[in-house]
Amino acid sequence: MTKTMMVALAGAATLGFAAMPVAAQEITEDAPFSGIYFGAAGGYDVQPNDEGSSILFDRNLDGRFGDAVTTAAGANAFSPGFCNGAARSSTAPAVGGRGCRNDKDNTAYYARVGIDQQRGNIVVGVVGEFGKSNIRDSVTAFSTTPAFYTMTRDLDWEASIRGRVGYAVNTTLFYGTFGAGYARINRDFYSSNTANAYAQSGKKNQFGITGGGGIEQKLGKNISVGMEYMFHQYQDDDARILVTRGTQPANNPFVLAPNTAGTAFKRSDDNFRWHSLRGTVAFRF
């Protein structure tokens with residue numbers, strides 16, 4: 001979704017709120033929010049600050065992470081440290097700065113279908129959504145080689161089904177919503193170290209939770225617009241990178257004896273979470 005489309009959605013919502021007196025005159029039905037509707041939502045997604053995130057290591061492949069990766073001389077091979085973003089270049093902290101870019105906040109767009117039932121001022125319903133967010137979340141480790149190792153994740157698609165409960169004042173609805181999400185999370189890995197060999201595992205879809213609230217304003221019998229805040233969270237602790245010797249010598253820190261099979265990487269932050277602020281538009285039957 002382009003920024004122009006986002007502005008158009010927000011503008012439509014603003015015009016809708018400005019038109020409240022007119023809408024109240026045109027809509028006289030007793031339950032204006034009852035029925036089936038189709039619609040769309042679009043806006044901007046922001047990730048919380050994940051400062052302090054890092055990459056954890058399983059040096060002896062026993063399934064327990066938190067091991068130290070050391071050189072043949074016994075020094076910490078990752079003493080330059082970590083950053084909560086993607087590496088910009090092969091420059092490591094030890095030779096002139098972290099060189100990391102911030103996580104990518106970006107646009108999102110969804111289609112939705114739902115049904116509401118209004119009794120008096122109370123509105124109860126169910127809504128289903130399917131769409132995509134363009135955010136990206138990364139973490140990077142820097143070794144003394146120097147080299148960087150970046151693990152990243154983004155969203156291929158997200159589906160959710162949520163309950164919705166609200167309070168209607170004439171043709172304006174204030175509501176909260178909460179439910180289950182299901183997402184395909186893309187996980188990737190890249191490194192400036194091309195001599196070791198890497199094998200990636202743990203790619204699969206994830207269940208999560210979504211919730212938030214908003215305001216919806218009817219512009220006529222069938223059209224409504226609104227503004228909405230949503231929170232999304234997915235448990236994402238399955239991604240693993242196995243680093244093996246490749247063309248490196250036998251004293252490479254990832255394959256030092258007696259554990260010569262390699263070293264596993266995982267992210268320290270198990271949750272993939274973000275916030276959404278978006279405009280909505282719906283056609284009601």
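Scroll up to find the structure.
Residues numbered from 1 in each chain as written. Predicted model: local features only at pLDDT ≥ 70, side-chain atom pairs only at ≥ 80, totals over all residues. Heavy atoms only, no water.

Moving on, we come to unusual backbone geometry. The omega torsion of the bond from T145 to P146 falls at 5°, within 30 degrees of zero and hence cis. Among the secondary structure elements, P146 is positioned in the loop between strand 8 (136-143) and strand 9 (147-169). Here the residue pair A257 and P258 is connected by a cis peptide bond, since its omega of 10° sits within 30 degrees of zero. Residue placement: P258 occurs in the loop between strand 14 (240-244) and strand 15 (263-267). (Helix = DSSP H or I, 4+ residues; strand = E, 2+ residues; numbered from the N terminus.)

With that out of the way, let us pick up the sheet that holds strand 15. Strands in a sheet are paired, the pairing made by backbone hydrogen bonds, and the direction either parallel or antiparallel. With antiparallel pairing, 4 strands are arranged side by side in an open sheet as 2-15-14-11. Edge positions in the sheet fall to strand 2 (55-58) and strand 11 (197-201), since each of these pairs with one other strand and no more. Averaged over all adjacent pairs, the angle separating strand axes in this sheet is 25°, with direction ignored. As paired elements, strand 2 and strand 15 share 4 bridges and run antiparallel to each other. (Pairing = 2+ DSSP bridges. Axes fitted to C-alpha atoms, helices over the stretch in contact; angles between N-to-C directions.)

Turning to the state of the cysteines, a few remarks are in order. Here the structure, examined in full by the defined rule, presents 1 disulfide. In this model, C83 is linked to C100 through a disulfide, with the two sulfur atoms separated by 1.9 Å. Taking the sign of the torsion about the S-S bond as the criterion, the disulfide between C83 and C100, at about -50°, is left-handed. Of this pair, C83 sits in strand 3 (residues 81-83) while C100 sits in strand 5 (residues 100-101); the two residues are 17 residues apart in sequence, bridging distant segments of the chain. When sorted by exposure, C83 lands in the same class as C100, which is buried. (Disulfide = S-S within 2.5 Å. Buried < 20%, exposed > 50% of the residue type's maximum accessible area, 1.4 Å probe, protein only.)

The topology assignment puts Q47 in the loop between strand 1 (35-46) and strand 2. Residue Q47 is classed as buried on the basis of its relative accessible area, which comes to 10%. Reaching out from Q47, the side chain makes a polar contact with the backbone oxygen of R136 at a distance of 2.9 Å. The residues contacting Q47, other than those within four sequence positions of it, are D103, K104, D105, I135, R136, D137, F272, R273 and W274. (Polar contact = N/O pair within 3.5 Å; in protein donor to acceptor, adjacent residues only side chain to side chain. Contact = heavy atoms within 4.5 Å.)

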